[in-house]
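# Report on the structure
Here is how the chains run, residue by residue.
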Amino acid sequence: MIGELESFSEPTRFFQYDYVLFDAIFLGVWLFFLIKNKKWAALSFGFICGVIVYFIDAVWWWNTPLNANYPPGTFIREYWIRDIQMPHPLGEFFWKKLSCDFMMCISYSLFAFPWMWIIYEKISKKSSEEDLTKEDRKEIAFYTLFYFGAWMAIPLLTLLIPFDDTIIHTVRHMQTQLLVWIINFFVGYSILAILYGTNIVKRKNPKTIGYVFVVGCAESFFMEFPLFVSRIRPTGPIFLLFEVIFLVNQGAPYLYIAYDIIFPELGKQIKRLRNK
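Structural notes, computed from the coordinates. (Residues numbered from 1 in each chain as written. Predicted model: local features only at pLDDT ≥ 70, side-chain atom pairs only at ≥ 80, totals over all residues. Heavy atoms only, no water.)

## Structural notes on the overall build of the protein
- Per the secondary structure count, the protein includes nine helices and four strands.
- Each helix and strand of the protein, placed in order from N terminus to C terminus, yields the pattern α-β-α-α-β-β-α-α-β-α-α-α-α.
- The C-alpha atoms of the protein give 20 Å as radius of gyration, which agrees with the globular expectation for 276 residues (19 Å, within 12%).
- With the C-alpha coordinates aligned to their principal axes, the bounding extent of the protein is approximately 55 × 45 × 40 Å.
- Buried positions account for 49% of the 276 residues belonging to the protein.
- In the protein, the share of contacts with a sequence separation of at least 24, taken over all contacts with a separation of at least 6, comes to 79%.
- Accessible surface, the protein: about 14400 Å² in total, of which carbon and sulfur atoms supply 70%.
- When the 26 positive and 24 negative side-chain charges of the protein are each reduced to one mean point, those points stand 12 Å apart. (Helix = DSSP H or I, 4+ residues; strand = E, 2+ residues; numbered from the N terminus. Rg over C-alpha atoms; globule rule 2.2 N^0.38 Å. Buried < 20%, exposed > 50% of the residue type's maximum accessible area, 1.4 Å probe, protein only. Contact = heavy atoms within 4.5 Å. Areas by Shrake-Rupley, 256 points an atom, 1.4 Å probe, with all protein chains shown as cover. Lys, Arg positive; Asp, Glu negative; His and termini not counted. Charge placed at Lys NZ, Arg CZ, Asp CG, Glu CD.)

Quick look at the structure:
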């Protein structure tokens with residue numbers, strides 16, 4: 001029970017370095033289909049989110065020292081490679097850590113957020129009382145199955161193919177962050193309830209709130225379940241449930257508002273300026 005509680009404030013990963021390599025292969029195939037199908041808006045969304053996620057995790061958290069409750073020199077995000085704790089500055093470990101950061105931040109974002117954009121397009125269509133076409137359903141099924149299937153396959157491949165079994169150990173010390181997650185969740189869904197549960201902005205459709213929540217839970221599940229079953233993240237079902245509810249949903253309402261209101265309005269303003 002103590003270990004389960006600790007996992008909330010100290011989420012940890014143990015993975016083999018070839019996880020990064022297999023992830024890069026699947027990412028390449030994923031990007032091929034997005035480009036082939038001209039999902040430019042979804043790709044742009046993923047890239048923008050990837051830059052933000054990378055800055056938070058690999059720059060801000062990596063360089064933010066913790067308080068006196070921790071040993072001196074402890075930062076929010078920490079790495080061990082071959083049982084060697086990564087120093088500040090990294091020196092010879094720079095490229096190794098960069099490739100792991102790419103997998104956990106950029107690759108994650110290029111999978112998760114284009115998928116989210118594609119599903120948001122269908123939510124928007126459904127919210128306007130349009131029926132999803134057969135092509136819409138096929139698209140949802142294809143991108144969802146590829147996304148989840150790839151992330152389930154990668155840990156298995158690292159076990160079956162001994163390409164580079166160097167153990168990478170990462171941890172986030174999240175005591176100062178969990179409350180922020182929970183506040184973001186409730187504030188975000190409160191704003192969503194005002195925008196789509198009332199007619200203030202002429203977009204009333206309470207179903208939208210439920211759709212956004214389900215998409216947020218699904219995306220968290222796609223990420224956390226493969227880590228849970230492969231024991232890359234050695235935790236229990238309570239932590240898995242917490243992550244499924246809060247991990248992506250702390251930001252999902254804001255992302256949907258950006259997709260549905262902010263980006264279209266920015267597009268209109270840019271078009272007006274071009275016409276002038």
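## Section: the nonpolar core
- Ranked by size, the top nonpolar core spans 68 residues in total, and within it Phe15, Trp30, Trp115, Met116 and Tyr120 carry the most contacts.
- Element by element, the count of residues in this core is highest for helix 4 (residues 94-127), at 16 residues.
- Residues within four places of Trp115 in sequence aside, it is in contact with Trp30, Tyr143, Thr144, Tyr147, Val215, Ala218, Glu219 and Phe222. (Core = buried A, V, L, I, M, F, W, Y, C linked by side-chain atoms within 4.5 Å.)

## So, the side chain of Thr12
- Along the polypeptide, Thr12 turns up in strand 1 (residues 12-16).
- Excluding anything up to four places from it in sequence, Thr12 contacts His169, Thr170, Val171, Ile232, Arg233 and Pro234.

## What about the packing of helix 6 (residues 178-197) against helix 7 (residues 207-229)?
- Helix 7 packs onto helix 6 with a crossing angle of 150° between their chain directions and a minimal axis gap of 8 Å. Of helix 7, the residues touching helix 6 (which contributes Phe185, Tyr189, Leu192, Ala193, Tyr196 and Gly197) are Thr208, Ile209, Val212 and Phe213.
- Its residues assigned to classes, the contact of helix 6 with helix 7 comprises eight nonpolar, two polar and no charged. (Axes fitted to C-alpha atoms, helices over the stretch in contact; angles between N-to-C directions. Nonpolar A, V, L, I, M, F, W, Y, C, P; charged D, E, K, R; others polar.)

## Side note on the pattern of salt bridges
- On inspection of all chains with the given rule, the structure shows eight salt bridges.
- The closest approach of N and O atoms between Asp164 and Lys96, which form a salt bridge, is 3.9 Å. With Asp164 in the loop between helix 5 (134-160) and strand 4 (167-172) and Lys96 in helix 4, this residue pair connects regions lying 68 residues apart in the sequence.
- Of the charged contacts, one joins Asp136 and Lys122 as a salt bridge, the two residues approaching to 3.1 Å between their closest N and O atoms. Taken together, the positions of Asp136 in helix 5 and Lys122 in helix 4 put the pair 14 residues apart, joining distant regions of the chain. (Salt bridge = Lys/Arg side-chain N within 4 Å of Asp/Glu carboxyl O.)

## Section: the environment of Arg13
- Residue position: Arg13 is located in strand 1.
- Taking the relative accessible area as the measure of exposure, Arg13 reaches 9% and is therefore buried.
- A C-alpha to C-alpha distance of 36 Å links Arg13 and Lys207, two positions 194 residues apart in sequence.
- If we ignore the near neighbours within four places in the chain, the residues touching Arg13 are Met103, Met104, Ile168, His169, Thr170, Met223, Leu227, Ile232 and Arg233.

## Overview of the sheet that holds strand 3 (residues 84-85)
- With respect to topology, four strands assemble into an open sheet ordered 1-4-2-3, the strand pairing being antiparallel. In this open sheet, the two edge strands, each paired with only one partner strand, are strand 1 and strand 3.
- Where strand 1 meets strand 4, five bridges bridge the pair, whose relative direction is antiparallel. From the neighbouring strand, Arg13 faces strand 4, where its bridge partner is Thr170. (Pairing = 2+ DSSP bridges.)

## Quick look at unusual backbone geometry
- Here the residue pair His88 and Pro89 is connected by a cis peptide bond, since its omega of 0° sits within 30 degrees of zero.
- Relative to the elements of secondary structure, Pro89 occurs in the loop between strand 3 and helix 4.
- Within the chain, Asp83 stands out as a residue other than glycine whose phi angle is a positive 65°.
- Summarising the element assignment, Asp83 is placed in the loop between strand 2 (77-81) and strand 3.
- Non-glycine residue Arg231 carries a positive phi angle of around 65°.
- Of note, Arg231 is situated in the loop between helix 7 and helix 8 (237-246).

## Comments concerning the packing of helix 2 (residues 18-36) against helix 5
- Running from N to C, helix 2 and helix 5 cross one another at 160°; their axes reach a closest spacing of 9 Å. If you check the angle between helix 2 and helix 5, you find them roughly antiparallel. In this structure, helix 2 meets helix 5 at a crossing whose hand is right-handed. Judged by residue contacts, Asp18, Tyr19, Phe22, Asp23, Phe26, Val29, Trp30, Phe33 and Leu34 of helix 2 engage Phe142, Tyr143, Phe146, Tyr147, Ala150, Trp151, Ala153, Ile154, Pro155, Leu157 and Thr158 from helix 5. (Parallel < 35°, antiparallel > 145°, perpendicular 65-115°, else oblique. Left-handed = near helix turned anticlockwise from the far one by under 90°.)

## Regarding the packing of aromatic side chains
- Following the criterion strictly, the structure yields 39 aromatic pairs and no others.
- Centre to centre, the rings of Trp30 and Tyr147 are 6.0 Å apart; their planes meet at 45°, and the pair counts as tilted. With Trp30 in helix 2 and Tyr147 in helix 5, this residue pair connects regions lying 117 residues apart in the sequence. Judged on exposure class, the residue Trp30 and its partner Tyr147 are both buried.
- Arranged with centres 5.1 Å apart and planes meeting at 75°, the rings of Phe142 and Tyr143 form a pair that is edge-to-face.
- Since its relative accessible area comes to 33%, Phe142 is described here as partly exposed.
- A relative accessible area of 2% places Tyr143 in the buried class.
- Lying over the aromatic face of Tyr17, Lys96 brings its terminal NZ or CZ to 4.0 Å of the ring centre.
- If you follow Lys97 out to its NZ or CZ, it ends over the ring of Trp62, 4.4 Å from the centre. (Phe/Tyr/Trp six-rings, centres within 6.5 Å; stacked < 30°, edge-to-face > 60°. Lys NZ or Arg CZ within 6 Å of the ring centre and 35° of its normal.)

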